[in-house]
Amino acid sequence: MTDIPEVPVLLDRLEQRLKDFLEEKGIDRPLLVGIRTGGVWLAEALHARLGLIEPWGELDISFYRDDFSRIGLNPRVTPSHLPFETEDRDLVLVDDVIMSGRTIRAAMNELFDYGRPSSISLVALIDLGERELPIQPDVAACPLKLPPHQRVKLTGPQPLAVEIREVRA
Amino acid sequence: MIPATDPVVLSAHDRASRNLQLTGDGQLRHFITLDGLDLVMLTDILDTADSFIEVGERTIKKVPLLRGRTVVNLFFESSTRTRSTFELAAKRLSADVLNLDISTSATSKGETLSDTLLNLEAMASDMFVVRHSQSGAPHFIAESVTPGVAIINAGDGRHAHPTQAMLDMLTIRQNKGSFEGLRVAIVGDILHSRVARSQIRALQTLGVAEVRLIAPGTLLPADAESLGCTIEYDMRRGMADLDVVIMLRLQKERMEGALLPSEREFYRLYGLDTEKLALAKPDCIVMHPGPINRGVEIESAVADGPQSVILNQVTNGIAIRMAVMSMAMSGQVADRAARVRAQEADQ
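Residues numbered from 1 in each chain as written. Chains lettered and ligands numbered in written order. Predicted model: local features only at pLDDT ≥ 70, side-chain atom pairs only at ≥ 80, totals over all residues. Heavy atoms only, no water.

When helices and strands are tallied, chain B shows 12 helices and 9 strands. Radius of gyration (C-alpha) of chain B: 20 Å, near the 20 Å computed for a compact globule of 347 residues. Relative to its full complement of 347 residues, chain B shows a buried share of 56%. Across chain B, contacts joining residues at least 24 apart in sequence account for 73% of those joining residues at least 6 apart. Per element, the accessible surface of chain B, about 14,300 Å² overall, is 50% carbon and sulfur. Put simply, chain B has 36 plus and 43 minus side-chain charges, and the middle of one group is 3 Å from the middle of the other. (Helix = DSSP H or I, 4+ residues; strand = E, 2+ residues; numbered from the N terminus. Rg over C-alpha atoms; globule rule 2.2 N^0.38 Å. Buried < 20%, exposed > 50% of the residue type's maximum accessible area, 1.4 Å probe, protein only. Contact = heavy atoms within 4.5 Å. Areas by Shrake-Rupley, 256 points an atom, 1.4 Å probe, with all protein chains shown as cover. Lys, Arg positive; Asp, Glu negative; His and termini not counted. Charge placed at Lys NZ, Arg CZ, Asp CG, Glu CD.)

In structure tokens form, the structure reads like this:
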């Protein structure tokens, strides 16, 4: 059994690390953008903790995935929702788990279709390693090494919990 | 080869199309008729289109889903709106688009439909969007085309115009929230209208309370009663309690066929004017697949009025066509994966 802290503990850590990161970068008006579904829950939680005034955004990357030729279209796609102008703004992408980096690549491609942001940073709750692209989180709460037969997922929204599941090979 | 416009042949055709247009696990792989597509599938199409509407509101209205794929618009019958919205939809999905106006090209030089198709397949096309004056043509093409190529019906004869019907459903859902309890009338030349046939099917599948057909007897199909609709010959009476009124274009060429006394007479009896619209519910929306004949089936003040959603229909047409094209391509991807698995199992 892999041991990871409870979500509130992880969120405290994520909040502190994100604050430090934004301060170091001199970003005082970040716009949070969560990747559906887990990333949106986290973006909402971080939004409250950072006391941001402007709304957070929600991204559904289904139309930007790089595996359409293999698995086709996600049948449960919902509209992305960015209720702000992204031009020349500092965006903070939020996702629950980062592994290959392909989701983040798709998310960045989508973000650029809304305009040219000043910067994009990346926040992930759990970092599984196993990267397939040169993409790294700027802030992560917890590294995690899983055996091949296990998967990790954020469940929520109330309460948020990290779930590790066995998968058959 | 292509079957004639015979209702009996058509219904057999529709039965065959059901299997033809779905993969083994029920995904869309061609889009030929709404017949045989259930509530879940129609709702999936509307939901996916909703996401594409959001894409259409962005600075860059393009997603990479069909990047590197080739879509051929194969129009054997002329069209402006349908062809241009299909073209725009394919381009917004990042596909390469080839527009072939067949009525002025190869077939007029004596090439058969099959040969034209073989040539287009040799260009490694991934999807044919087909409009044809003969009912059943897209079905025929779907049956004979190489596996992996998706066929989308952009209107065939008097048979079906499923993307038009679905963009109408999207427009209704946007304005009314859901289909529950709605009373919807289709007015005008039902007999010659493939749009009406598809609309009736869609409305019934999505579960409206009533589909009402309002037309003179000469413009109703002989089997009108068996379609499960209410029939009304008097438009003034037929406007009562309506939530949605869909006007059909009066095809002027029909006037010559002695089906109607005169344009003026038709407008007086079946044209939608301010006075008749006032007999419907106050929030009744007015729809029309276009092109509209002002003063023939609809008054300008109504077409341009606050209850008209005619231009929303055009915008929604792009989103619906993006949804159907990406879903059909997705089904073809699933199909190909299944064929590869079957091959591997054989070896």
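So, on to the sheet that holds strand β4 (residues 119–127) of chain A. Residue and element names in this part refer to chain A. With parallel pairing, the 5 strands of this open sheet are ordered in space as β2-β1-β3-β4-β5. Only two strands of the sheet have a single partner each, and these edge strands are β2 (57–59) and β5 (139–143). Each strand of the sheet is rotated relative to its neighbour by a mean of 25°, with strand direction disregarded. Direction of pairing for strand β1 (residues 31–35) relative to strand β3 (residues 90–98): parallel, over a ladder of 4 bridges. Residue pairing in the sheet places Leu32 in a bridge with Val92 of β3. Across the sheet, helix α4 (residues 102–112) is in contact with β1, β2, β3 and β4; its angle to β3 comes to roughly 155°. (Pairing = 2+ DSSP bridges. Axes fitted to C-alpha atoms, helices over the stretch in contact; angles between N-to-C directions.)

The next point concerns α4(A). All names here are of chain A. Within α4, burial applies to Ile104, Ala106, Ala107, Glu110 and Leu111. End-on view of α4: buried residues confined to an arc of 160°, all on one side of the axis. Where α4 is buried, its residues meet β1, β2, β3 and β4. (Arc of directions from axis to C-beta.)

A word on the domain arrangement of chain B. Residues and elements named next belong to chain B. The domain architecture assigned to chain B consists of domain 1 (11–159 + 315–346) and domain 2 (162–311). Between the C-alpha centres of domain 1 and domain 2 the distance comes to 27 Å. Listed by partner, the interface residues are 33 residues for domain 1 and 26 residues for domain 2. Carbon and sulfur atoms make up 59% of the area that domain 1 and domain 2 hide from each other, which totals about 2,300 Å². Considering only the side of domain 1, the residues that lose the most area to domain 2 are Leu34, Leu46 and Arg158, jointly responsible for 28% of the buried surface there. For the pair domain 1 and domain 2, the interface holds 4 salt bridges. When the shortest N-O distance is used, the salt bridge between Arg194 and Glu77 registers 2.8 Å. At the surface where domain 1 touches domain 2, the tally comes to 10 residue pairs in polar contact (both at pLDDT 80 or more). The element contributing the most residues to the side of domain 1 that touches domain 2 is helix α2 (residues 39–56), with 9 residues. (Domains from an automatic or database assignment. Buried area = accessible area lost by both parts, 1.4 Å probe. Salt bridge = Lys/Arg side-chain N within 4 Å of Asp/Glu carboxyl O. Polar contact = N/O pair within 3.5 Å; in protein donor to acceptor, adjacent residues only side chain to side chain.)

In this structure, the amide linkage connecting Arg36(A) to the following residue, Thr37(A), adopts the cis form with an omega of 0°. Here Thr37(A) shows up in the loop between β1 and α2 (38–50). Positive phi is not limited to glycine here, since Ala124(B) has a value of about 60°. Relative to the helices and strands, Ala124(B) is located in the loop between α4 (113–122) and β3 (127–132). Here Ala124(B) falls in the exposed class, since its relative accessible area comes to 51%.

All right, on to the sheet that holds strand β2 (residues 96–101) of chain B then. Residue and element names in this part refer to chain B. With respect to topology, 4 strands assemble into an open sheet ordered β2-β1-β3-β4, the strand pairing being parallel. This sheet does not close on itself; its edge strands, each paired only once, are β2 and β4 (150–156). In this sheet, adjacent strand axes meet at a mean angle of 15° when their direction is disregarded. Relative to β3, strand β1 (residues 70–75) is paired through 5 bridges, and the arrangement is parallel. Residue Leu74 lies in a different strand from β3, and its bridge partner there is Val130.

Our next topic: the UniProt feature "domain: Phosphoribosyltransferase" (unreviewed entry) in chain A. Mapped onto this numbering, the UniProt entry gives "domain: Phosphoribosyltransferase" (unreviewed entry) at residues 17–139 of chain A. Annotated as residues 17–139 of chain A, this span is 30% helix and 22% strand, and its ends, taken at the C-alpha atoms, are 6 Å apart. (UniProt positions renumbered as here; feature names shortened; annotations may be inferred.)

The next point concerns the nonpolar core. Grouped together as the largest cluster of nonpolar side chains are 115 residues, with contacts concentrated most on Ile45(B), Phe52(B), Ile186(B), Val245(B) and Leu272(B). Per element, the largest residue contribution to this core is 12 residues, and it comes from helix α12 (residues 310–346) of chain B. No fewer than three residues from each of domain 1 (11–159 + 315–346) and domain 2 (162–311) of chain B sit in this core. Of all hydrophobic cores here, the second largest spans 32 residues; its members include Ile27(A), Val92(A), Ile126(A) and Cys142(A). (Core = buried A, V, L, I, M, F, W, Y, C linked by side-chain atoms within 4.5 Å.)

Once that is clear, we can look at the pairing of β4(B). Of all the 7 residues making up β4(B), 7 are buried; the element is thus mostly covered by neighbouring parts of the structure. Taken together, β3(B), helix α5 (residues 137–144) of chain B and β4(B) constitute a β-α-β crossover, and its handedness is right-handed. (Right-handed = clockwise from strand over helix to strand, strands pointing away.)

Tallied over the entire structure, the rule returns 0 disulfides over all chains. Take Cys229(B): it sits in no disulfide, and the sulfur closest to it among the cysteines is that of Cys284(B), at 17 Å. (Disulfide = S-S within 2.5 Å.)

Across the contact, 23 residues belong to chain B and 18 residues belong to chain A. Here chain B packs against chain A, burying approximately 1,700 Å² in sum over the two surfaces, 57% of which is carbon and sulfur. When the buried area of chain B at its contact with chain A is split by residue, Ser51(B), Arg58(B) and Leu65(B) rank highest and sum to 31% of it. Taken together, the connections running from chain B to chain A amount to 2 salt bridges. Residue Glu110(A) pairs with Arg58(B) through a salt bridge whose shortest N-O separation is 2.7 Å. Along the contact surface separating chain B from chain A lie 10 residue pairs in polar contact (both at pLDDT 80 or more). Within the residue set of the side of chain B that touches chain A, elements represented by two or more residues are α2 and α12 of chain B. Considering each element in turn, the side of chain B that touches chain A owes the most residues, 8 residues, to α2(B). Split into classes, the residues belonging to the side of chain B that touches chain A amount to 10 nonpolar, 5 polar and 8 charged. (Nonpolar A, V, L, I, M, F, W, Y, C, P; charged D, E, K, R; others polar.)

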